[in-house]
Amino acid sequence: MAQLRQHRRAARTGTPYAEALAAFDERVRLITPDQWDSPTPCTDWSVRDLVNHLVGEQLWVPELLMGATIGEVGGRFDGDVLGGDPAAAWTDAAEAARQAFDVPGAAELTVHLSFGDVTGQYYLDQLTTDLVIHTWDLSEGIGRLTRLPAELVDFALGEITGYGDLSGSGVFDPPVPVAEDASPQTRLLALTGRRDGGPSGTGDQG
């Protein structure tokens, strides 16, 4: 996602990364044994595939914040990183990533991503936005908690607004038209080619 835009603002404090981790974690805890193979709004990704993707992303964080390059890490986090206890794998990866970003000065570090060098703040914002969107995907996959916390929606919407049509990246479907008075969550999801649940975008509350 990060390569799709310019980072036009200075580093700031208050990125709700810990809150985004907590929101995803809450939904991981709700996955029942029979739901791991359930589909999600992400084409070709089951619930397990989606959680695996997010665990993999968090596993990269300590490595990249310590200055490693993509080549140096190599394929260490490719394939299945969940093992026999997906929830535990998520917990461990999320906590290690959170602690890595809690180190003073992490936002000012240089991070070597696949498309170039960015600041730790840029990386943090990108991860947080990705977490928010995929938290909704997981919610849809398990049919629970499809209303996202307003703080997270507002943050992600602020990041994504101005990207333009993201479908050219091959990562997102074309934007979905929504009413002018659509809720922030509905507008956020629409920008990523997703349709909010329910005829009025209300979704399942829990």
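An account of the accompanying structure is given in this report.

Glancing now at the nonpolar core. Considering soluble globular proteins, one finds that nonpolar side chains tend to be buried as a cluster. Among the nonpolar cores identified, the biggest contains 53 residues, and Tyr17, Val51, Val61, Trp90, Phe101, Tyr123 and Leu138 are the most heavily contacted of them. Mapped onto this core, the elements with two or more residues apiece are helix H1 (17–28), helix H2 (47–65), helix H4 (86–102), strand S1 (110–113), helix H5 (120–142), helix H6 (150–160) and helix H7 (184–191). If one sorts the elements of this core by residue count, H5 sits on top with 10 residues. Every residue in contact with leucine 138, bar those within four places of it in the chain, is listed here: Phe24, Arg27, Val28, Ile31, Val47, Leu50 and Val51.

What follows deals with the environment of glycine 14. As for its position among the elements, glycine 14 is in the segment before H1. A C-alpha to C-alpha distance of 9.9 Å links glycine 14 and phenylalanine 155, two positions 141 residues apart in sequence.

This next bit is on the packing of aromatic side chains. Inspection of the entire model under this criterion finds 5 aromatic pairs. One aromatic cluster is present, built from ring pairs that chain together Tyr17, Phe101 and Tyr123.

Relative to strand S2 (residues 116–119), S1 runs antiparallel, the two sharing 4 bridges. Paired with threonine 110 across the strands is threonine 119, a residue of S2. Hairpin connection between S1 and S2: a loop of 2 residues separates the two successive antiparallel strands.

Turning to its location among the elements, arginine 194 is positioned in the segment after H7. Exposure remark for arginine 194: the relative accessible area of 11% places this residue in the buried category. Within the structure, the side chain of arginine 194 is placed 2.7 Å from the side chain of aspartate 137, a separation counted as a polar contact.

Looking at where phenylalanine 155 falls in the secondary structure, it is placed in helix H6. Assessed through its relative accessible area of 8%, phenylalanine 155 is described here as buried. Taking the C-alpha atoms as reference points, phenylalanine 155 and proline 16, 139 residues apart in sequence, are found 7.7 Å from one another.

Position of leucine 21 among the secondary structure elements: in helix H1. Counting along the chain gives 37 residues from leucine 21 to glutamine 58, while the straight-line C-alpha distance between them is 9.7 Å. If we skip the residues at most four places from it in the chain, leucine 21 touches Gln58, Trp90, Ala94, Arg98 and Leu131.

Thresholds applied
- Residues numbered from 1 in each chain as written.
- Predicted model: local features only at pLDDT ≥ 70, side-chain atom pairs only at ≥ 80, totals over all residues.
- Heavy atoms only, no water.
- Core = buried A, V, L, I, M, F, W, Y, C linked by side-chain atoms within 4.5 Å.
- Buried < 20%, exposed > 50% of the residue type's maximum accessible area, 1.4 Å probe, protein only.
- Helix = DSSP H or I, 4+ residues; strand = E, 2+ residues; numbered from the N terminus.
- Contact = heavy atoms within 4.5 Å.
- Phe/Tyr/Trp six-rings, centres within 6.5 Å; stacked < 30°, edge-to-face > 60°.
- Pairing = 2+ DSSP bridges.
- Polar contact = N/O pair within 3.5 Å; in protein donor to acceptor, adjacent residues only side chain to side chain.

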